[in-house]
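Now for the letters of each chain:
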Amino acid sequence: MATTQVNVSPAALERSQHLDRRPDPCVVVIFGASGDLTKRKLLPALYHLEQSGFLPEDFAVLGVARRDLSATFADDMKDGIVKGGGVETNDPNLDPFMERVQYFAMNFDDEGGYAGLKKKLEDMDAQFNTKGNRLFYLSVAPEYFSDIVGFLGKHGMNKPGAGEKHWVRTVIEKPFGHDLESARALSDEVNKVFDESQIFRIDHYLGKETVQNILVFRFANGIFEPVWNRNYIDHVEITAAESIGIEGRGPFYEQAGALRDVVQNHVMEVLSFIAMEAPSGFDADAVRTEKVKVWRSIKPIHPADTVRGQYGPGLVDGKAVVGYRQEDRVHPRSQTETYAALRVEIDNWRWAGVPIYIRAGKRMAKRVTEITIQFKQPPLMLFKDGEGKGGEGIKPNVISMRIQPDEGIALRFAAKVPGPNMSMSSVNMNFSYADAFGASSANGYERLLLDAMLGDGTLFAHRDGVEATWALMTPILQAWAKDPVKDFPNYAAGTWGPVMADAMLKADGRKWRKL
Ligand SMILES: NC(=O)C1=CN([C@@H]2O[C@H](COP(=O)(O)OP(=O)(O)OC[C@H]3O[C@@H](n4cnc5c(N)ncnc54)[C@H](OP(=O)(O)O)[C@@H]3O)[C@@H](O)[C@H]2O)C=CC1
Ligand SMILES: O=C1O[C@H](COP(=O)(O)O)[C@@H](O)[C@H](O)[C@H]1O
C-alpha cells in the first residue's frame, strides 16, 4: 500500500489556526446545561476555543437547566472538559476558564423564570462587559424548542441592545422537526421571534474537518472535478455505521429511528457536499442554494428502494450486547428501525443514472463513516493478468473519503506487479489527516460554535434545506408506518445490517464496499 507524502508548512498551519476570526464580546447561554451534550461536547469545545485564543476577552457562559445545581455545576463541567476534551485534571487554565461559567436554574416551560433569566444576563453583562450580545444555544429535547424561543421573544430577549454591532442569535439542536409538517410548523414558530439570519440550525457533521474537506477536495483541486459526473462515476456509497447502540436514549430513539436520527440530517448534508455544483462563493447563501438544488433534484425515493433493520442480540468488539428490543425503555415489540439503507438517484445533468447507496445503522460491525466514489472500468482491458482470470478481477478505481475514524482519503488504482509479466494488482494511495496535520481533538462543535458567534451560517442548515430533506424522508416514513416489519430484529448486533440491504445492491449487480 503506497502512502502520500504531505508537507504542510508550520506557517500554513499556524495561519489557519489564527485567521482573523474573533467574535464580539458575548454570553453563550446554554439551555440544557446539565445534559449529556453540554458536558461531553459543548463545554469542551468552548474551552478549546478559549485556549486557542479564538474567544473574545469579554466572554462568559451561562448554563440553564431545571435542577438547582449551583453547588456542583462547576465541578461537573470541569469533569466534562477533562473527559470529553482530553484535558489534564490539573490543567492550570481550567479554573480561570470556569470563573466565566455560571449556572441559572429554571423550568423551561414556566414563563416565570424568564424575567429572572433576563436580569441574570444583564448582571453578567455588567460583570463581564459582554455588551448585551447573546448566543442562545438550545441543547434541549425538541419539545422545548418552541416554548423557549417563544418566552425569549415575550421577554424581549430576541432583540439586540442598541448599537450597530450588537446581536442576538440562537443555535437550535437537532432534530429540527419530526417530519415535513412539524419542521415547517417549528420554523414558523421560531420565525415569529427570530429572523432567519439569527437562527443557526446545527448539524455537527458540518463541523467535522473531513466533511468540510469534501468541498476543498472537489473545488480546490483541478483534477477531480472533470471526472466527477455520470460519465465517469459508476455509483456512490455513503456509510454511516456506528458500533454503539442507543446509549440509554430509549425514549428519544423510539420516536426517531435511524432515518430521522442521522439520514435526514447528517447523511443528507454529506450527500449534498458530494453532489452539489460549485457555489458562486463560500458564503451561506451561495452554499445553501447549491445544497438545496441537490436535494430538490433527488427523485422521490420509492419504498422498494429502502431497507429497514433492527438489531438483535449479538457480539460487538467481542462483548455480548442485548438486542434493541431489550434496551432500557424500548417497547418489546418496537418497530423502530436502527438501520436504514436507501437507493437514491439525483435527476440532474451531473448525476442522472448514477445510483447513490446510503446505509446508516447502530450496533454495526464497526464504527466507520465513509464515502465511496466508484468509477467506471476502462472501456477495454489491455492487460489480462489481473487479480482474477483474464484481468476481469481488477478492481475499479475508487476514491474513498473516510469521515471518521482514521480520517483521510484514499485512491485505489491498478498497478503493475514487479516481474516479467504485465500482471496487475490494486493498490491504494492514502492521505491520512493525522499523519499530515497531527491528531486533532476538535469535535465539530468548536468550529460551529465559533461560526455562530461570528454570525456565519455557511455550515448550518437552513429552513429551505431542512424542509427539502424532510420532503424526501416523510413519504418513506409514512410508507413504513403502514407496513410493519414482521422479521424484526433482522440483523445481529456486530454485523453489517440486514441481508435485504445486500440484496438491494445485488439487484443492481453491485455490492457494498468492504470497510
Ligand atoms: N447527546 C448527544 O450526543 C447529542 C444530542 N443532540 C441533541 O441535543 C439536545 C440535548 O441532548 P442531550 O444533552 O443528550 O439531552 P439530555 O436529556 O441529556 O439533557 C436535557 C437537558 O434539558 C434539561 N431539561 C429538561 N427538561 C427541562 C425543563 N422542563 N426545564 C429545564 N430544563 C430541562 C435537563 O435539565 P435537568 O437535568 O435539570 O432536568 C438537561 O439539562 C437534544 O435536542 C438532542 O437531540 C444532538 C446530537 C448528539
Ligand atoms: O446526531 C447524532 O449523531 C451521533 C453520531 O455522531 P458522531 O459524530 O459520533 O458520528 C449518533 O450517535 C446519534 O444517535 C445522533 O443523534
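Residues numbered from 1 in each chain as written. Chains lettered and ligands numbered in written order. Predicted model: local features only at pLDDT ≥ 70, side-chain atom pairs only at ≥ 80, totals over all residues. Heavy atoms only, no water.

Engineer: Teacher, can you tell me more about the overall build of the chain here?
Structural biologist: Of regular secondary structure, the chain possesses 14 helices and 19 strands. Taken over C-alpha atoms, the radius of gyration comes to 24 Å for the chain, in line with the 24 Å a tight globule of 515 residues would show. Along the first, second and third principal axes, the C-alpha set of the chain runs to 80 × 60 × 45 Å. The 515 residues of the chain split such that 53% are buried. Considering only residue pairs separated by 6 or more positions, the chain has 78% of its internal contacts joining residues 24 or more positions apart. Roughly 23,500 Å² of accessible area belongs to the chain as shown, and the carbon and sulfur atoms make up 52% of that amount. (Helix = DSSP H or I, 4+ residues; strand = E, 2+ residues; numbered from the N terminus. Rg over C-alpha atoms; globule rule 2.2 N^0.38 Å. Buried < 20%, exposed > 50% of the residue type's maximum accessible area, 1.4 Å probe, protein only. Contact = heavy atoms within 4.5 Å. Areas by Shrake-Rupley, 256 points an atom, 1.4 Å probe, with all protein chains shown as cover.)

Engineer: Help me out: how do you make sense of the pattern of salt bridges in this one?
Structural biologist: Opposite charge on two side chains lets them pair, provided their charged atoms get close. Counted under the stated rule, the structure contains 31 salt bridges. The closest approach of N and O atoms between D125 and R134, which form a salt bridge, is 2.7 Å. Overall, D125 belongs to the buried group, its relative accessible area being 14%. Put simply, R343 and D508 hold a salt bridge, and the shortest N to O gap is 2.6 Å. Here R343, found in strand β13 (residues 339-345), pairs with D508, found in the segment after α14 (499-506); they are 165 residues apart in sequence, far enough to count as distant. Linked through salt bridges whose partners overlap, the residues forming this network are K39, D76, D79 and K83. (Salt bridge = Lys/Arg side-chain N within 4 Å of Asp/Glu carboxyl O.)

Engineer: Please clarify how the site of ligand 2 should be interpreted in this entry.
Structural biologist: Taken together, K174, H204, Y205, K208, E242, R249, D261, H266, K362 and Q404 form the complete shell of residues around ligand 2. Between ligand 2 and Y205 there is a distance of 3.1 Å, counted from an oxygen atom to a side-chain nitrogen or oxygen. At 2.7 Å, a side-chain N or O of K362 approaches an oxygen atom of ligand 2. Burial of ligand 2 by the protein chains amounts to 84% of its free accessible area of 390 Å². (Near = heavy atom within 4 Å. Polar contact = N/O pair within 3.5 Å; in protein donor to acceptor, adjacent residues only side chain to side chain.)

Engineer: What exactly am I supposed to notice about the packing of helix α8 (residues 209-219) against helix α9 (residues 250-275) here?
Structural biologist: Think of two packed helices as two axes; the pair is described by the angle between the axes and how far apart they sit. Relative orientation of the contacting elements α8 and α9 amounts to 10 degrees, with a least axis distance of 9 Å. In terms of axis orientation, α8 runs roughly parallel to α9. Between α8 and α9, the residues in contact are V211, Q212, I214, L215 and R218 and V270, F273, I274 and A275, respectively. Of the residues assigned to the contact of α8 with α9, the class counts are seven nonpolar, one polar and one charged. (Axes fitted to C-alpha atoms, helices over the stretch in contact; angles between N-to-C directions. Parallel < 35°, antiparallel > 145°, perpendicular 65-115°, else oblique. Nonpolar A, V, L, I, M, F, W, Y, C, P; charged D, E, K, R; others polar.)

Engineer: Looking at this model, I keep getting lost on the packing of aromatic side chains. Mind explaining?
Structural biologist: In this description, an aromatic ring pair is defined by two values, namely the gap between the centres and the angle between the planes. Counted by the stated rule, this structure contains 17 aromatic pairs. Look at F31 and F136: their rings are 6.1 Å apart centre to centre, the planes differ by 35 degrees, and that puts the pair in the tilted class. Placement of F31 in strand β2 (residues 26-31) and of F136 in strand β5 (residues 134-138) is noted, with a sequence separation of 105 residues between them. Its relative accessible area of 0% is what places F31 among the buried residues. Judged by centre distance (5.9 Å) and plane angle (65 degrees), the rings of Y253 and Y324 are edge-to-face. Taken together, the residues Y253 in helix α9 and Y324 in the loop between β12 (319-321) and β13 connect sequence positions 71 residues apart. Comparing Y253 with Y324, the two get one shared label, buried. (Phe/Tyr/Trp six-rings, centres within 6.5 Å; stacked < 30°, edge-to-face > 60°.)

Engineer: When you look at the environment of G84 in this model, what are you seeing that I'm missing?
Structural biologist: Structurally, the position occupied by G84 is in helix α3 (residues 73-85). Taking the C-alpha atoms as reference, G84 lies 16 Å from F97; in sequence the two are 13 residues apart. Sequence-distant contacts of G84, that is, excluding residues within four places in its chain, are made with R40 and P44.

Engineer: Sorry if this is basic, but what is going on with the domain arrangement of the chain here?
Structural biologist: Interfaces are frequently sized by the accessible area removed from exposure as the parts join. The assigned domain composition of the chain is domain 1 (23-173) and domain 2 (209-508). Of note, the centres of domain 1 and domain 2, computed from C-alpha atoms alone, are 34 Å apart. In this assembly, 19 residues from domain 1 lie in contact with ten residues from domain 2. Taken together, the two surfaces of domain 1 and domain 2 that pack against each other cover about 1,300 Å², and 76% of this comes from carbon and sulfur. Of all residues in domain 1, P23, L49 and R169 give up the largest surface area on contact with domain 2, accounting jointly for 31% of the area buried on that side. Summed over the shared surface of domain 1 and domain 2, the number is zero salt bridges. Where domain 1 touches domain 2, the interface holds two residue pairs in polar contact (both at pLDDT 80 or more). Within the residue set of the side of domain 1 that touches domain 2, elements represented by two or more residues are β2, α2 (36-51), β5 and β6 (168-172). Here the element with the most residues in the side of domain 1 that touches domain 2 is α2; it accounts for seven residues. (Domains from an automatic or database assignment. Buried area = accessible area lost by both parts, 1.4 Å probe.)

Engineer: What's the story with the UniProt feature "binding site: substrate" (unreviewed entry) in the chain in this structure? I'm lost.
Structural biologist: Mapped onto this numbering, the UniProt entry gives "binding site: substrate" (unreviewed entry) at H204, K208, E242, D261 and K362. Secondary-structure assignment places K208 in the loop between β7 (199-201) and α8. Here K208 is in contact with I403, Q404 and G444, once residues within four sequence places are set aside. Assignment of secondary structure puts E242 in the loop between β8 (233-241) and α9. Excluding residues within four positions of it along the chain, E242 makes contact with G361, K362, R363, M364, K366 and R367. (UniProt positions renumbered as here; feature names shortened; annotations may be inferred.)

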